[in-house]
Amino acid sequence: MRKNILLITAILSMFVFGLQLAEPASAASIKQVDHGSYKINGPNNYYFIYSWKTYQYKTSYVKINVYVKFKGQKTRTMTTTLRKESKYILQVREFYNKKWAITYYTPEKRTAAQYYWRVVRPSMLGQNVIIGGSGSGSGSSSGTVTSNAIKH
């Protein structure tokens, strides 16, 4: 009888220990919530592709990976993270080609997810990009936009 109690206790202890290990892995999952791309055509068969993937953890952390590919050049990457620091402060960090970062704080009541969907995302879709000039309006900014919000 005593051996059975020890065996049952050992099995239950391993079960509880296994649950404790499995829970943090599932709780720390970050999910892709959005992605999209632009192909912007310019003069002389020049173009670039602007694409992004957005990941979210709860509502307090958002990570945006942006990729820009110019015709005949390497893809440039930029990663931006939005993290809610306190009730009224949002931290924004920008990494360029995974080498250096700029960190700044903005006064914001919204969560990181709300800030992404209401401020960052509309500005990404509404970008007015002019190619092939010194900003005086020369060039063409016609292009196609594909975007998909992933429902979860």
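Only a predicted model underlies this, so the values are computations on that prediction, with no experimental measurement involved.

1. Here's the deal with the pattern of salt bridges
Then, in step 1: Applying the stated criterion across every chain, the model contains three salt bridges.
Then, in step 2: A salt bridge links Glu 85 to Arg 83, with the nearest nitrogen and oxygen atoms 2.3 Å apart.
Then, in step 3: Arg 110 serves as the salt-bridge partner of Glu 108, at 2.6 Å between the closest nitrogen and oxygen.
Then, in step 4: Residue classification places Glu 108 among the buried residues on the basis of a relative accessible area of 12%.
Then, in step 5: Classification of Arg 110 as partly exposed rests on a relative accessible area of 27%.

2. Quick notes on the environment of Tyr 50
Then, in step 1: Among the structural elements, Tyr 50 can be located in strand S2 (residues 47-57).
Then, in step 2: A relative accessible area of 10% places Tyr 50 in the buried class.
Then, in step 3: When the C-alpha atoms of Tyr 50 and Phe 70 are compared, they prove to be 8.8 Å apart, with 20 residues separating the residues in sequence.

3. Regarding the packing of aromatic side chains
Then, in step 1: This structure, assessed with the given rule, holds five aromatic pairs.
Then, in step 2: Taken together, a centroid distance of 5.2 Å and an interplanar angle of 40 degrees make the contact between Phe 48 and Phe 70 tilted. In this pair, Phe 48 is assigned in strand S2 and Phe 70 in strand S3 (residues 61-70), connecting sequence segments 22 residues apart.
Then, in step 3: Classification of Phe 48 as buried rests on a relative accessible area of 9%.
Then, in step 4: Assessed through its relative accessible area of 25%, Phe 70 is described here as partly exposed.

4. Considerations on the nonpolar core
Then, in step 1: Formed by 18 residues in total, the largest nonpolar core has its most connected members in Tyr 50, Trp 52, Val 62, Ile 64, Leu 82, Tyr 116 and Val 120.
Then, in step 2: Looking at this core, the elements that each hand over two or more residues are strand S1 (31-41), S2, S3, strand S5 (89-96) and helix H2 (112-125).
Then, in step 3: Looking at this core, the element that brings in the most residues is H2, giving six residues.

5. Focus: the confidence of the model for the protein chain
Any region with low pLDDT has predicted coordinates that should not be read closely.
Then, in step 1: Of the residues in the protein chain, 64% have a pLDDT of 70 or more, and the chain-wide mean is 74.
Then, in step 2: Per-element mean pLDDT across the protein chain ranges from 49 in strand S7 (residues 143-149) up to 92 in S5.
Then, in step 3: Scored below 50 in pLDDT, residues 21-27 makes one contact in the model with residues more than four places away or belonging to other chains.
Then, in step 4: Scored below 50 in pLDDT, residues 128-145 makes 35 contacts in the model with residues more than four places away or belonging to other chains.

6. Here we look at the side chain of Arg 121
Then, in step 1: Mapping Arg 121 onto the fold places it in helix H2.
Then, in step 2: Looking at Arg 121, its side chain comes within polar contact range of the side chain of Asp 34, at 2.4 Å.

Parameters and conventions
- Residues numbered from 1 in each chain as written.
- Predicted model: local features only at pLDDT ≥ 70, side-chain atom pairs only at ≥ 80, totals over all residues.
- Heavy atoms only, no water.
- Salt bridge = Lys/Arg side-chain N within 4 Å of Asp/Glu carboxyl O.
- Buried < 20%, exposed > 50% of the residue type's maximum accessible area, 1.4 Å probe, protein only.
- Helix = DSSP H or I, 4+ residues; strand = E, 2+ residues; numbered from the N terminus.
- Phe/Tyr/Trp six-rings, centres within 6.5 Å; stacked < 30°, edge-to-face > 60°.
- Core = buried A, V, L, I, M, F, W, Y, C linked by side-chain atoms within 4.5 Å.
- pLDDT = per-residue confidence, 0-100.
- Contact = heavy atoms within 4.5 Å.
- Polar contact = N/O pair within 3.5 Å; in protein donor to acceptor, adjacent residues only side chain to side chain.

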